[in-house]
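Summary of structural features
Chain by chain, the residues:
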Amino acid sequence: MTDEQRVAVVTGSNRGLGLALARRLAQQSIHVIVTARSEGAADRVAGDLAREGLPASGHQLDITDAASVARLMADVGYLHGRLDVLVNNAAIAIDRGQLAAAADMEKVRATLEANIMGTWRCCTAAVPEMKKNGYGRIVNITSHMGTFAHMGPGSVAYRVSKAGVNALTCILAAELHPEGILVNAASPGKVETRLAYGKANHSPQEAADSLAWLATLPEDGPTGCLFHGHDLLPW
Ligand SMILES: NC(=O)c1ccc[n+]([C@@H]2O[C@H](COP(=O)([O-])OP(=O)(O)OC[C@H]3O[C@@H](n4cnc5c(N)ncnc54)[C@H](OP(=O)(O)O)[C@@H]3O)[C@@H](O)[C@H]2O)c1
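Residues numbered from 1 in each chain as written. Predicted model: local features only at pLDDT ≥ 70, side-chain atom pairs only at ≥ 80, totals over all residues.

Next up on the list: the overall build of the chain. Broken down by element type, the chain carries 6 helices and 8 strands. Walking the chain from its N terminus toward its C terminus, one meets helices and strands in the order β-α-β-α-β-α-β-α-β-α-β-α-β-β. A compact globule built from 235 residues would reach a C-alpha radius of gyration of about 18 Å, and the chain, at 17 Å, matches this within 12%. Taken over the C-alpha atoms alone, the chain extends approximately 55 × 40 × 35 Å along its principal axes. Across the 235 residues in the chain, those meeting the buried criterion constitute 46%. Counting contacts in the chain only where the partners sit at least 6 residues apart, residues at least 24 apart contribute 68% of the total. (Helix = DSSP H or I, 4+ residues; strand = E, 2+ residues; numbered from the N terminus. Rg over C-alpha atoms; globule rule 2.2 N^0.38 Å. Buried ≥ 20, exposed ≤ 12 C-beta atoms within 10 Å, placed from the backbone. Contact = placed C-beta atoms within 7 Å.)

Strand pairing within a sheet occurs via backbone hydrogen bonds; the two strands may be parallel or antiparallel. Ordered in space as β3-β2-β1-β4-β5-β6-β7-β8, the 8 strands form an open sheet in which the pairing is mixed. Single-partner strands in this sheet number two, and they are β3 (56-60) and β8 (231-232). Relative to β8, strand β7 (residues 226-228) is paired through 2 bridges, and the arrangement is antiparallel. When the sheet's bridge partners are listed, His228 is paired in β8 with Asp231. This element, helix α1 (residues 16-26), spans β1 (7-10), β2 (31-36), β3, β4 (85-88) and β5 (136-141) of the sheet and lies at about 170° to β1. Strands β2 and β3 of the sheet are contacted by helix α2 (residues 39-51), whose axis makes an angle of about 175° with β3. (Pairing = 2+ DSSP bridges. Axes fitted to C-alpha atoms, helices over the stretch in contact; angles between N-to-C directions.)

Turning our eyes to something else, we now look at the packing of helix α4 (residues 105-133) against helix α5 (residues 156-176). Interhelical geometry of α4 versus α5 gives an angle of 20° and a closest axis separation of 8 Å. Between α4 and α5, the interaxial angle falls into the category roughly parallel. As for how α4 packs across α5, the hand of that crossing is right-handed. Across the interface between the two elements, Lys107, Val108, Thr111, Leu112, Asn115, Ile116, Thr119, Trp120, Cys123 and Val127 from α4 touch Ala157, Tyr158, Ser161, Lys162, Gly164, Val165, Leu168, Leu172 and Leu176 from α5. Partitioning the contact of α4 with α5 into residue classes produces 12 nonpolar, 5 polar and 2 charged. (Parallel < 35°, antiparallel > 145°, perpendicular 65-115°, else oblique. Left-handed = near helix turned anticlockwise from the far one by under 90°. Nonpolar A, V, L, I, M, F, W, Y, C, P; charged D, E, K, R; others polar.)

A separate point is the site of the ligand. Taken together, 29 residues lie near the ligand, and Gly12, Gly16, Ala91, Thr193 and Leu195 sit nearest. Counting residues per element, the ones that place at least two in the shell around the ligand are α1 and α4. No other element matches the 3 residues that α1 contributes to the shell around the ligand. (Near = placed C-beta within 6 Å.)

The biggest cluster of nonpolar side chains holds 67 residues, and the ones touching the most others in it are Ala8, Ala22, Leu25, Val32, Val34 and Ala126. Residues contacting Val32, with those up to four places away along its chain left out, are Ala8, Val10, Ala22, Leu25, Ala26, Pro55 and Ala56. (Core = buried A, V, L, I, M, F, W, Y, C linked by C-beta atoms within 7 Å.)

Moving on: the environment of Thr11. With respect to the helices and strands, the residue Thr11 is situated in the loop between β1 and α1. Overall, the presence of 27 C-beta atoms within 10 Å leaves Thr11 in the buried class. Distance from Thr11 to Ser210, taken between C-alpha atoms, is 18 Å for residues 199 residues apart in sequence. Not counting chain neighbours up to four residues away, the residues in contact with Thr11 comprise Gly18, Thr35, Leu61, Ile63, Val87, Asn88, Asn89, Ala90 and Cys122.

Don't take any of this as a statement about function, it's just geometry.
Written as structure tokens, this is what we have:
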């Protein structure tokens, strides 16, 4: 790794959109830290990318576990001395069709813990490392299901969690812009992954190709915005 090489963490990058985003960023010569709940999975996927000639290493990460998040960021600081990009991709969708008025609160709690608290926890842990260099790009992967413009019944915990991620994105963006850290949200559309519901429109690689630009925005780039590909979406 050269002194100039940027370093990115992609959460949940052992499969699906996260893996595609990790590959896309590594193809831009960014050193990508592939993370997964299983350390073996993170190392295996990072090894696959390295065999493709891409700069990658693996690290265990469970975003619901504060100690796991702290260990990751401490190791990033120690091994790389910098963190330029955080893509908060990891999420769960476990309450398809669930109605708000009859919700299983255990599913709600688990969803909010992973999707909002996990994303938030990773941001707070990453920001000190980014502030050291006065540079950072945070991309929160959200969903059109969390936008007020598309709100409707079903999947209530997932919808509320992504609406929370959207609010967090706006607030962090306003706080961190003066520090040189740009925070945006990205909705990938319907992507062919395990999480997808119904007919998907894109492959993970197609979605990653149109969203990865948010991870390397110039200084005067947008912040606090919601994108689908290169298009601005209404919150
Ligand atoms: N697919 C779609 O159509 C679609 C549409 C809109 C938005 N999205 C968003 O896109 C993002 C990626 O989803 P995907 O479609 O690629 O889903 P996916 O294939 O199910 O992948 C989800 C990833 O998140 C990881 N993960 C889940 N809980 C975690 C935790 N507690 N700690 C760390 N990692 C965890 C999973 O790890 P394990 O392998 O260990 O389970 C997996 O790597 C999500 O934010 C999702 O909400 C997807």
